[in-house]
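Spelled out, the chains give:
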Amino acid sequence: MATERTLSIIKPDATKRNLTGKVVSKFEDAGLRVVASKRIHLSPAQAGAFYAEHSERPFYGELVEFMSSEPVVVQVLEGENAIAKNREVMGATDPAEAAEGTIRKDFALSKGENSVHGSDSKESAEREIAFFFSGLELVG
Ligand code: DAT
Ligand code: MG
């Protein structure tokens, strides 16, 4: 196993309900280290660009509107097998299908308002980290 970095977003439904600390604790308890973090309010254009791969999906408009509705916390998480580990800690997209103890099981409101984003592959992790952070902002 290799040390990896992955991009995480704590979504508007979670920042709005003051759950940032609880979500970060789940990452840290799983052995993931926060090596970069910032709170930002995405414009609809920025949220749309970040989720461009979903632009043909029926929920795209709703997703862009939601992601730009309130501030988010974007973070880079580092650790052994960080990409898969983060997906595990997040739980399934639909909280009704998420395993016990996962972030989405404990905090998500619905399939759309599901508290966290996490990169799904090495390629998307690289692209998504570069979308939000410069090399200087990554502090191992
Ligand atoms: P994930 O975030 O688990 O990687 P995804 O990449 O398939 O899931 O979709 C990106 C986001 O889009 C997801 O976190 C929430 C939203 N979404 C996905 N499917 C949806 C649906 N059927 N209805 C509403 N929102 C949806
Ligand atoms: Mg995804």
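Here, residues in each chain are numbered from 1, in the same order as that chain's written sequence. Throughout, the order in which chains and ligands are written sets their labels, letters from A for the former and numbers from 1 for the latter. Local features in this predicted model are restricted to residues of pLDDT 70 or higher, and side-chain atom pairs are both shown and tallied only at a pLDDT of 80 or more, whereas totals for entire chains, interfaces and linings draw on every residue. Side-chain measures were taken over the full set of non-hydrogen atoms in the model, leaving aside hydrogen atoms and water.

- Within an unreviewed UniProt entry, the label attached to the chain reads Nucleoside diphosphate kinase, and the organism entered is Paracoccus jeotgali.
- UniProt positions are given in the numbering used here, feature names are shortened, and annotations may be inferred rather than shown by experiment. UniProt lists a comment for the chain under the heading Function (unreviewed entry), and it reads "Major role in the synthesis of nucleoside triphosphates other than ATP. The ATP gamma phosphate is transferred to the NDP beta phosphate via a ping-pong mechanism, using a phosphorylated active-site intermediate."

Here's the deal with the overall build of the chain
In step 1: Under the scheme used here, helices are H or I runs from DSSP no shorter than 4 residues and strands are E runs no shorter than 2 residues, and both carry numbers assigned from the N terminus. Regarding its fold elements, the chain presents 7 helices and 4 strands.
In step 2: Using C-alpha atoms as the atom set, the radius of gyration is obtained and then compared with a globule rule of 2.2 Å times the number of residues to the power 0.38. Relative to the 2.2 N^0.38 estimate, which gives 14 Å for 140 residues, the radius of gyration of the chain is 14 Å and therefore close to what a compact globule would have.
In step 3: To sort residues, take the accessible area from a 1.4 Å probe on protein chains only and compare it with the maximum for the residue type: under 20% means buried, over 50% means exposed, and anything in between is partly exposed. Of all 140 residues assigned to the chain, the portion counted as buried reaches 46%.
In step 4: Considering only residue pairs separated by 6 or more positions, the chain has 78% of its internal contacts joining residues 24 or more positions apart.
In step 5: As displayed, the chain offers around 7200 Å² of accessible surface, 50% of which is attributable to carbon and sulfur atoms.
In step 6: Positive charges are assigned to Lys and Arg, negative charges to Asp and Glu, while His and the chain termini are left out of the count. We put the charge of a Lys on NZ, of an Arg on CZ, of an Asp on CG and of a Glu on CD. Here the chain contributes 17 positive and 22 negative side-chain charges, whose respective centroids are spaced 3 Å apart. When checking whether two residues touch, look at their non-hydrogen atoms; a contact exists if any pair is within 4.5 Å. Every accessible area reported is derived by Shrake-Rupley at a probe size of 1.4 Å, with residue values counting cover from the shown protein chains alone.

Focus on the sheet that holds strand 1 (residues 3–10)
In step 1: Strand order in the open sheet formed by 4 strands is 2-3-1-4, and the pairing between neighbours is antiparallel. Of all the strands in the sheet, the pair left with one neighbour each is strand 2 (33–40) and strand 4 (116–118). Shown here is a sheet whose adjacent strand axes are inclined to one another by a mean of 20°, direction ignored.
In step 2: Two strands pair when backbone bridges link them, and strand 1 and strand 4 are joined in this way by 3 bridges, in the antiparallel orientation. Across the sheet, residue I10 finds its bridge partner in strand 4, namely V116.
In step 3: In this analysis, axes come from line fits to C-alpha atoms, helices being fitted only over the stretch in contact, and the angle between any two N-to-C directions falls in the range 0 to 180 degrees. Across the sheet, helix 5 (residues 82–90) touches strand 1, strand 3 (72–80) and strand 4, and the angle it forms with strand 1 is around 35°. Two strands form a pair only when DSSP identifies at least two bridges running between them.

Side note on the UniProt feature "binding site: ATP" (unreviewed entry) in the chain
In step 1: According to UniProt, the feature "binding site: ATP" (unreviewed entry) maps to K11, F59, R87, T93, R104 and N114 in the numbering used here. Cross-referencing the annotated residues with the largest pocket identifies K11, F59, R87, T93, R104 and N114 as lining it.
In step 2: Its location among the elements puts F59 in the loop between helix 3 (44–50) and helix 4 (60–67).
In step 3: Here T93 shows up in the loop between helix 5 and helix 6 (103–107).
In step 4: Its relative accessible area of 40% is what places T93 among the partly exposed residues. Put plainly, a pocket is an open set of points on a 1 Å grid over the protein atoms alone with protein on both sides within 12 Å along at least five of seven lines, a cavity is a set where a 1.4 Å probe fits but cannot get out, and a lining residue has an atom within 4 Å of a point.

Some details on the side chain of E4
In step 1: Looking at the secondary structure, you find E4 in strand 1.
In step 2: When its relative accessible area of 13% is taken as the criterion, E4 is described as buried.
In step 3: Ignoring anything within four residues of it in the chain, the contact list for E4 reads L77, E78, G79, N81, A82, I83, A84 and K122.

Section: the site of ligand 1
In step 1: In the vicinity of ligand 1, the contacting residues are K11, H54, F59, L63, R87, T93, R104, K111, G112 and N114.
In step 2: Pairing of N or O atoms within 3.5 Å defines a polar contact, subject to two protein rules: one partner must be a possible hydrogen donor and the other a possible acceptor, and residues neighboring in sequence count only if both atoms are side-chain atoms. The side chain of T93 places a nitrogen or oxygen atom 2.5 Å from an oxygen atom of ligand 1.
In step 3: For ligand 1, an oxygen atom lies 3.0 Å from a polar atom in the side chain of R104.
In step 4: For this analysis, a molecule is said to be in a pocket or cavity if more than half of its atoms are within 2 Å of the grid points defining it. According to the grid-proximity analysis, the pocket containing ligand 1 is the largest pocket.
In step 5: Amino acid classes used here: Ala, Val, Leu, Ile, Met, Phe, Trp, Tyr, Cys and Pro are nonpolar; Asp, Glu, Lys and Arg are charged; the rest, including Gly, are polar. Split by residue class, the shell around ligand 1 holds 2 nonpolar, 4 polar and 4 charged. Residue proximity to a molecule or strand is established when one non-hydrogen atom of the residue lies within 4 Å of it.

Comments concerning the layout of surface pockets
In step 1: In this structure, the largest pocket encloses a volume near 580 Å³.
In step 2: What lines the largest pocket is a set of 25 residues, and nearest its centre among them are K11, H54, F59, T93 and N114. Grid points are joined across faces, edges and corners, and a volume is the space filled by probe spheres set on the points.

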